[in-house]
Amino acid sequence: MNKTAKQLLALAFGGHLGMLLVVLFAAGVPATGLQAAEATCYADESGRIVRRRRPGFRRVPCPEEEVGPDGTPVQVEPGVQRPGRQIGSADDPRSASGRARTRPAASPIPRPDPSDYPAMVPIPDRWRIVDALGYKERWYDPYNRNILKGDKPVHGEWFFNVTAIWDTIYEVREVPTPVGSSSTDDPGGIDIFGGTDQAIFASVFAPEFVYYKGDTVFRPPDWEIRFTPAFAVNHVEIDEILGLEVQPRRGDDRTDDHVGVQALFVDKHLRNVSDRYDFDSIRVGIQPFSSDFRGFLFQDNQFGVRLFGNRENNIFQYNLAWFRRLQKDTNSGLNDLGKSLRDDDVFVANVYWQDMPVKGFFSQFSLYYNRNRDDAFHFDENGFIQRPASIGQERLREYDVYYAGYNGDGHFGRLNLTASVYAAFGEEDGSVFTEQDTDIEALFVAAEASVDFDWIRPRISFLYGSGDDDPFDDKSTGFDAIFENPQFAGADTSYWIRQPVPLIGGGRVTLSNRNGVLNALRSSKEEGQSNFVNPGIWLLGAGVDIEVLPELRVAANWNYLRFDKTQVLEVARNQAGIDKEIGHDVSIVATYRPFMSQNVVVRASYARLIPGDGYKDLFPDEDSDYFLLNVLLQF
């Protein structure tokens, strides 16, 4: 390099760096040699070289590029060192000048030949591939692979699932019971109220068979056929004749059995409406349905047609349905297919909206129409009249009632909340106490709030069902449901919700039905009609759920009960001055799951009704209680 070029480079780079480059160029050091000298790599004890620093590696010069046979540079693969040579050993490939020689670019491993690849062999699908691994099946084991639990297809893409539930209760209770009108076991007793002690044993075995097609991991099945028969037996003992059957010679006990059908439907997946399996499906036959989160309005297994589906990644869910109500067996409450359908229709339209108004809370908007045309006298299997109810004029009637409702369930932060509001309106062809047509205008409100503190959940409950203050005017303002089954305020642990308390002396109707909270004055919720001329109800409750052990939960409940109006009761009983206070309902329940699953569940509950002034006006002044033992086995 001439003197002029050296001066220009020194001026361009300046300082020591410029002078260093000038000296290097003057010495004739090539550029590649400079890059190799400046680059740094790292090597471990075995001589493996990498370009990134790692624990236990020491710094070494990086290997230089090698020129291949075609004249192009070949870079040594990082992290590869020739076997048998260690850096710093006698056969170290590095020269005294610090330059490194590299191994040839060609790999000693030969390239695979097409003959090395085996021919394609079909393998079983993802369900049957496990069979080749030798897994055993036991038909009685629901926790491991079992063809009866839908773990693999029975053929093609069709699966079969069997579930069986055996539900048994033993119950002893005190319930106001009228003395038989034509005969009694206690001739010396008073002529209105008899003995209150009763004992019930009831057992229901319900196997469920489901035959369906399709992969159900991310979407509903393409087809589903479900059949659920129920086999029931029950035995009841009471203190009075004519309390169980209309014929006195039948005595004060009864044993009965029945075979019902609680589900028998076909479900067809119509279409997917998005790539995330939002869908439309239709279901035809006897099927379960619940109108809301807590079963306040209509929760039953009825014959119907239901179109349902979801939208927007399951944010919105909808139901459009029509149900024609089945007749019920009197003593078991199961469906009775041996009788003709009732002339009682229920039309349903509702929409569920997830995360509305906040994340974690579900909102439901619903509209129901109940068209009742039961225009024939109907007696139950024990000989008692059910339609029309034996109260007031005991005349046949028809009604058209609409229910508009909002229901919410979920949480606001730590606060768990369930809320329901229903407005009932419509027309009634003849009232219970008059022959004139009446307008139905009734209201229902319920809410339950709770907060979780680790293993304890305290909660408060409120419920209101409007009552009728004038049974002879042209308005029916008592709220009644279609078929209620409330999971609320202790549910069947509560005395008032669990037990059918008869009115006695005002007609063969009950104040509250079995597994019902409303004071509807109906003959029964299974076979009777809705009654919108009733005293209504107020409920204020508190309770606590305690997780004592993973297997044991204990819950305690207190409910204060009042009538909303008492005019209907005073007319029915021909008794003035009935107070509104029903009383205090206290209960406790223990639920034990020995295997921490739903396969074996044992429940024991006790409840007592401490009567208020209104209850004392209607019945003798004494506490009523009950004890219930429930054993549930499930496969």
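Up top is the structure.
These numbers were taken from a predicted model, which means no experiment stands behind them.

Novice: Kindly report on the overall build of the protein, identifying the contributing residues and their values.
Specialist: Looking only at helices and strands, the protein features six helices and 29 strands. Per-residue burial over the protein gives 45% buried out of 635 residues. In the protein, 60% of the contacts between residues at least 6 apart in sequence involve partners at least 24 apart. Entry remark: accessible area of the protein is about 32,000 Å², with carbon and sulfur atoms responsible for 58%.

Novice: Would you mind going over the packing of aromatic side chains in detail, with residue names and values included?
Specialist: Inspection of every chain in the model, using the stated rule, returns 30 aromatic pairs. Considering the side-chain rings of Phe289 and Phe323, the 5.2 Å spacing of their centres and the 45° angle between planes classify their relative orientation as tilted. Separated by 34 residues along the polypeptide, Phe289 in strand E10 (residues 279–290) and Phe323 in strand E12 (residues 316–324) bring together distant segments of the chain. The same class applies to Phe289 as to Phe323, namely buried. Cluster of aromatic residues (ring-pair linked, three or more members): Phe296, Tyr403, Tyr422, Phe444, Phe479 and Phe488. Between the NZ or CZ atom of Lys149 and the centre of the ring of Phe635, over which it lies, the distance is 4.7 Å. When the ring centre of Phe483 is taken as reference, the NZ or CZ atom of Lys525 above it lies at 4.9 Å.

Novice: Requested: an account of the state of the cysteines, with residues and values cited.
Specialist: Enumeration over the complete set of coordinates arrives at one disulfide. Disulfide pairing places Cys41 opposite Cys62 at an S-S distance of 1.8 Å. With the S-S dihedral at roughly 105°, the linkage between Cys41 and Cys62 falls on the right-handed side. Residue Cys41 is located in strand E1 (residues 40–43), and its partner Cys62 is located in the loop between strand E3 (58–61) and strand E4 (66–67); the two are separated by 21 residues in the primary sequence. With respect to burial, Cys41 and Cys62 carry one shared label: buried.

Novice: A description of a negative patch on the surface should follow, citing residues and the corresponding values.
Specialist: On the surface, Glu427, Asp429, Asp437, Asp439 and Asp474 cluster together to form a negatively charged patch. In this structure, Asp429 sits in strand E18 (residues 415–429).

Novice: For the nonpolar core, give the residues involved together with the corresponding values.
Specialist: One finds Leu297, Tyr403, Leu463, Phe479, Trp496 and Leu511 to be the most contacted residues of the largest nonpolar core, which totals 61 residues. Here the element with the most residues in this core is strand E19 (residues 438–451); it accounts for four residues. Core analysis: the second largest hydrophobic core is formed by five residues, Cys41, Ala43, Ile49 and Cys62 among them.

Novice: Break down the pattern of salt bridges for me, with residues and values.
Specialist: Enumeration over the complete set of coordinates arrives at 37 salt bridges. The residue Arg324 makes a salt bridge to Asp345 at a minimum N-O spacing of 2.4 Å. Taken together, the residues Arg324 in strand E12 and Asp345 in strand E13 (residues 344–353) connect sequence positions 21 residues apart. Among the residues examined, Asp345 registers a relative accessible area of 4% and is labelled buried. Glu398 is the partner of Arg373 in a salt bridge, and the nearest nitrogen-oxygen pair spans 3.7 Å. Of this pair, Arg373 sits in the loop between strand E14 (361–372) and strand E15 (378–379) while Glu398 sits in strand E17 (residues 398–412); the two residues are 25 residues apart in sequence, bridging distant segments of the chain. Look at the salt bridges and you will find they share partners, linking Arg325, Arg342, Asp344, Asp374 and Arg387 into a network.

Novice: Provide a residue-level description of the sheet that holds E3, including the pertinent values.
Specialist: One open sheet accounts for three strands, arranged E2-E1-E3; its pairing is antiparallel. Each edge of the open sheet is held by one strand with a lone partner, namely strand E2 (49–50) and E3. As paired strands, E1 and E3 are joined by four bridges and run antiparallel to one another. Note on E3: the bridge partner recorded for Ala43 is Arg58.

Novice: Help me get a handle on the side chain of Asn234, residues and values and all.
Specialist: Structurally, Asn234 can be placed in strand E8 (residues 223–238). Relative accessible area serves as the criterion here: at 6%, Asn234 is assigned to the buried category. Once residues lying within four places of it in the same chain are set aside, the contact partners of Asn234 are Phe201, Ala202, Arg254, Thr255, Asp256, Asn331 and Ser332.

Novice: Quick one: what's the story with the side chain of Asp345, residue by residue and with numbers?
Specialist: At 3.2 Å, the side chain of Asp345 forms a polar contact with the side chain of Trp322. Ignoring any residue separated from it by four or fewer positions in sequence, one finds Asp345 in contact with Trp322, Phe323, Arg324, Tyr369, Asn370 and Arg371.

Novice: Give me the sheet that holds strand E22 (residues 501–502): which residues, what numbers.
Specialist: Two orientations exist for strands paired in a sheet by backbone hydrogen bonds: parallel and antiparallel. On the basis of which strands lie adjacent, the open sheet formed by three strands has the order E22-E23-E24 and antiparallel pairing. The two strands at the open ends of the sheet, each matched to only one other strand, are E22 and strand E24 (519–522). Bridge count for strand E23 (residues 510–512) against E24 is two bridges, and the pairing is antiparallel. Paired with Ser512 across the two strands is Asn519, which belongs to E24.

Novice: Give me the lowdown on the environment of Ser390, citing residues and values where you can.
Specialist: Residue position: Ser390 is located in the loop between strand E16 (385–387) and E17. Sequence spacing of Ser390 and Ser523 is 133 residues, and the spatial spacing of their C-alpha atoms is 7.3 Å. Setting aside chain neighbours within four positions, we find Ser390 in contact with Ile385, Gly506, Gly507, Arg508 and Val509.

Novice: For the pairing of strand E27 (residues 581–592), give the residues involved together with the corresponding values.
Specialist: Taken together, the eleven bridges between strand E26 (residues 552–562) and E27 define a ladder with antiparallel strand orientation. In the sheet register, Leu561 faces E27, and the bridge partner there is Gly583. Where E27 and strand E28 (residues 600–611) come together, ten bridges link them in antiparallel fashion. Directly across from His584, in E28, lies its bridge partner Ile610.

Novice: Could you give an account of unusual backbone geometry, with specific residues and numbers?
Specialist: Note the cis peptide between Met356 and Pro357, where omega equals 10°. Inspection of the secondary structure assignment puts Pro357 in the loop between E13 and E14. The omega torsion of the bond from Arg387 to Pro388 falls at -5°, within 30 degrees of zero and hence cis. For Leu242, which is not glycine, the phi dihedral falls at a positive 75°. Along the chain, Leu242 turns up in the loop between E8 and strand E9 (253–272). Although it is not a glycine, Glu394 sits at a positive phi angle of roughly 50°. Tracing the chain through its elements places Glu394 in the loop between E16 and E17.

Rules of the game
- Each residue is numbered by its place in its chain's sequence as written, counting from 1.
- Note on the predicted model: pLDDT of at least 70 is required for a residue's local features to be given, and 80 or more for side-chain atom pairs to be given and counted; whole-chain, interface and lining totals, by contrast, use all residues.
- For side-chain calculations, the full set of non-hydrogen atoms in the structure is used, while hydrogens and water are omitted.
- Only DSSP runs of H or I reaching four residues or more are called helices, and only runs of E reaching two or more are called strands; each is numbered from the N terminus.
- To sort residues, take the accessible area from a 1.4 Å probe on protein chains only and compare it with the maximum for the residue type: under 20% means buried, over 50% means exposed, and anything in between is partly exposed.
- Throughout, a residue-residue contact means that at least one pair of heavy atoms, one from each residue, lies within 4.5 Å.
- Computed by Shrake-Rupley with a 1.4 Å probe, the accessible areas treat only the displayed protein chains as cover when residues are assessed.
- In this analysis, rings of Phe, Tyr and Trp, with Trp reduced to its six-membered ring, are considered paired at centre separations within 6.5 Å, and the interplanar angle assigns stacked below 30 degrees, edge-to-face beyond 60, and tilted for intermediate values.
- Placement of a positive charge over a ring is assigned whenever Lys NZ or Arg CZ falls within 6 Å of the ring centre and within 35 degrees of the normal to the ring plane.
- Note on disulfides: each one is a pair of cysteine sulfur atoms within 2.5 Å.
- Only residues whose relative accessible area exceeds 30% and that form no salt bridge are eligible for patches; like-charged ones are grouped when within 9 Å, while nonpolar side chains (Val, Leu, Ile, Met, Phe, Trp, Tyr) are grouped when within 5 Å.
- Any Lys or Arg side-chain nitrogen found within 4 Å of a carboxyl oxygen on Asp or Glu counts as a salt bridge.
- The convention is simple: Lys and Arg are positive, Asp and Glu are negative, and His and the chain ends are not counted.
- For the purpose of locating charges, the reference atoms are NZ of Lys, CZ of Arg, CG of Asp and CD of Glu.
- The term nonpolar core refers to a set of buried residues drawn from Ala, Val, Leu, Ile, Met, Phe, Trp, Tyr and Cys, joined through side-chain atoms within 4.5 Å.
- Two strands qualify as a pair provided that DSSP identifies no fewer than 2 bridges between them.
- Pairs of N or O atoms within 3.5 Å make up the polar contacts considered here, provided that, within protein, one atom can donate a hydrogen while the other can accept it, and that residues adjacent in sequence are counted only when both atoms are side-chain atoms.

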